[in-house]
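# Working through the structure, step by step
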Amino acid sequence: MLFANDTKQSYPKSFKISSKPNKFCPGCGHSIILKKLGFAIDELKIQKKTLFGIDIGCSLLAWDFFNVDTVQTHHGRTVPVVSGYKLIKPKKTCIAYVGDGGAYAIGLQSLITAANRNDPITVIVVNNTLYGMTGGQMAPTTLKDEVTSTTPKGKNIEEKGNPFLGPELIKSLPNKKSYVARGIVSEPQELRQLIKKALEHQIKNKSFSFVEVLSTCPTNWKVSAQGSLDMLEDKMSICFKNQGELK
Amino acid sequence: MKILLSGEGGQGIQTMAKILVGAAYNQHYKVNYMPHYGVEMRMGISRAFVTISSDKITYPKFSKADILSVMTKRNLNLVKEFIDKNTKVINAIDLVDLPEERNLPTTSFNMIVLGIIVKEINKSNIKIDKEKILEEINKFLGKKPDLTKNRVAFEVGYDLADNMYSKLLKSVKPDKFEPIINKDDKKEHIIYPDICKGCGICLIKCPVGALSWDKNKKNFLGKPIPKVDMEKCIGCGICEDICPDAAIKVNKKSKTN
Ligand code: SF4
Ligand code: SF4
């Protein structure tokens with residue numbers, strides 16, 4: 001669909017142009033995060049030595065997003081697969097790109113172990129407070145009173161527990177060397193810096209780095225562009241209030 | 001009789017298929033229906049594999065269709081492989097405006113195409129009773145306000161002349177999109193309609209309200225795209241930064257690139 005000879009200056013160089021327009025919904029936060037990740041990969045000049053691992057869920061729609069080596073894994077198993085890859089190819093920059101369900105529900109054990117072992121990989125968790133691809137069910141990160149398809153009357157935190165604080169958990173582990181940050185898609189410049197620092201941390205300090213990104217899901221939140229930004233800035237920002245570099 | 005229905009998600013492909021197999025089943029044919037979507041939540045291509053037969057059906061999918069209906073340009077390459085020399089292709093791409101011309105709601109487009117499909121099926125040895133289809137339409141759309149209009153739309157399709165939908169797929173030209181470039185002496189603002197999904201985030205984030213919807217220009221999904229007011233725009237690049245799909249580029253003239 002692209003014009004011949006048009007290099008699309010607005011794209012990072014690491015993008016795979018033939019797969020654009022990408023497969024995410026209009027206004028999806030994934031597209032913003034991946035764009036910023038693309039620019040970070042360009043800036044660090046690591047396109048040829050990056051391994052990009054994706055999970056089940058909406059994150060898998062990025063299977064042909066970049067012109068970099070990409071692997072897609074079973075649900076919640078992206079972190080251990082990427083860790084394993086790093087063991088045999090220590091010179092590669094390895095990124096695990098997962099949703100909040102994959103990271104904090106089914107894959108939490110793998111995530112904690114990798115963080116505790118200080119595996120030199122970068123984990124990017126996209127937090128949109130629900131399971132997007134399957135129709136917006138409650139996830140560990142669902143906010144108090146948030147309506148999802150499995151909590152039609154709003155999430156009761158007495159019964160279902162508080163929204164899960166991933167970066168805070170990773171930070172509290174005894175591993176002193178890890179890098180932990182939380183970004184938000186409405187601050188794209190800062191997000192790009194956080195992602196870039198996380199990748200640099202993996203490359204230079206040979207240590208674990210973790211970035212959670214507060215993201216949007218206009219489709220399953222059933223809101224307009226304005227509504228998704230309101231939800232992000234008014235509700236999610238308050239619940240997940242520690243932002244920027246945490247460690 | 002193997003029938004492949006295809007179109008955009010949201011055009012009502014799966015409803016058409018359900019109505020069709022429901023009617024055929026009520027006439028004691030053996031039927032099979034298999035929906036096929038992409039993994040995308042939105043903007044995906046929707047297809048339905050329908051088999052209607054007097055004999056046992058052994059497998060739900062097929063590699064070549066007897067009847068193929070195409071309702072959008074976007075999925076042409078996806079359906080071409082199902083065509084062989086015996087396939088009757090129903091090219092409904094140019095019929096999108098027909099509901100409007102006949103004073104019908106745009107959402108009844110699928111019922112028009114369903115009418116054409118039933119007409120084509122009835123040219124074979126399988127005969128689907130029109131009344132049975134109308135019964136199924138009542139069942140599926142009975143609660144919708146546009147019920148009668150949907151029934152009318154079905155009849156419109158059923159009575160449509162063959163040459164209205166027999167244009168060769170080869171002759172369908174894909175949409176061409178040119179970047180929309182606005183320039184003045186300080187800055188250049190480019191919007192790419194072939195990748196803008198019309199989400200509207202740039203309109204909200206622009207600090208001076210320089211962006212608004214351009215009702216006359218369409219993106220690749222047929223939705224409006226933003227247009228820029230160069231008088232107001234200060235060339236800050238915030239829209240470029242936030243656009244999820246990288247569909248905006250802002251160049252300041254002082255920048256060297
Ligand atoms: S943010 Fe980008 S994709 Fe969304 S409407 Fe604006 S230009 Fe289009
Ligand atoms: S460059 Fe800045 S002022 Fe101009 S349209 Fe984009 S956001 Fe608005």
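Above this note sits the structure.
To start, this report covers the structure provided alongside it. (Residues numbered from 1 in each chain as written. Chains lettered and ligands numbered in written order. Predicted model: local features only at pLDDT ≥ 70, side-chain atom pairs only at ≥ 80, totals over all residues. Heavy atoms only, no water.)

We now examine the packing of aromatic side chains. Residue and element names in this part refer to chain A. According to the stated counting rule, one finds 11 aromatic pairs over all chains in the structure shown. An angle of 80 degrees between the planes, with centres 4.9 Å apart, marks the rings of Phe 15 and Phe 65 as edge-to-face. Pair noted here: Phe 15 is in the segment before α1 (29–44) and Phe 65 is in the loop between β1 (50–54) and β2 (69–72), with a separation of 50 residues, a long-range link. A single burial state applies to Phe 15 and to Phe 65, both of which are buried. Ring plane angle 90 degrees and centroid distance 5.1 Å describe the contact between Phe 52 and Phe 66, whose orientation is recorded as edge-to-face. Taken as a pair, Phe 52 in strand β1 and Phe 66 in the loop between β1 and β2 lie far apart in primary sequence, 14 residues in all. We note that Phe 52, like Phe 66, is buried. Each residue in the set Tyr 11, Phe 15, Phe 24, Phe 52, Phe 65, Phe 66 and Tyr 97 is aromatic and connected to the rest through ring pairs, giving one cluster. Over the ring of Phe 15 we find Lys 20; its NZ or CZ atom is 4.6 Å from the centre of that ring. Here the basic side chain of Lys 20 rests over the ring of Phe 65, its NZ or CZ set 4.1 Å away from the ring centre. (Phe/Tyr/Trp six-rings, centres within 6.5 Å; stacked < 30°, edge-to-face > 60°. Helix = DSSP H or I, 4+ residues; strand = E, 2+ residues; numbered from the N terminus. Buried < 20%, exposed > 50% of the residue type's maximum accessible area, 1.4 Å probe, protein only. Lys NZ or Arg CZ within 6 Å of the ring centre and 35° of its normal.)

This next bit is on the nonpolar core. If you look at the biggest cluster of nonpolar residues, it comprises 57 residues, and the most contacted ones within it are Ile33(A), Leu34(A), Leu37(A) and Phe52(A). Every element with two or more residues in this core is listed here: α1, β1, β3 (93–99), β4 (122–127), β7 (179–184), α7 (188–205), β8 (209–214) and α9 (225–239) of chain A. Apart from the residues within four sequence positions on either side, Leu37(A) is in contact with Phe52(A), Phe66(A), Ile95(A), Ile124(A), Ile195(A) and Leu199(A). By size, the runner-up hydrophobic cluster in this structure holds 42 residues, among which are Ala17(B), Ala24(B), Val50(B) and Ile137(B). (Core = buried A, V, L, I, M, F, W, Y, C linked by side-chain atoms within 4.5 Å. Contact = heavy atoms within 4.5 Å.)

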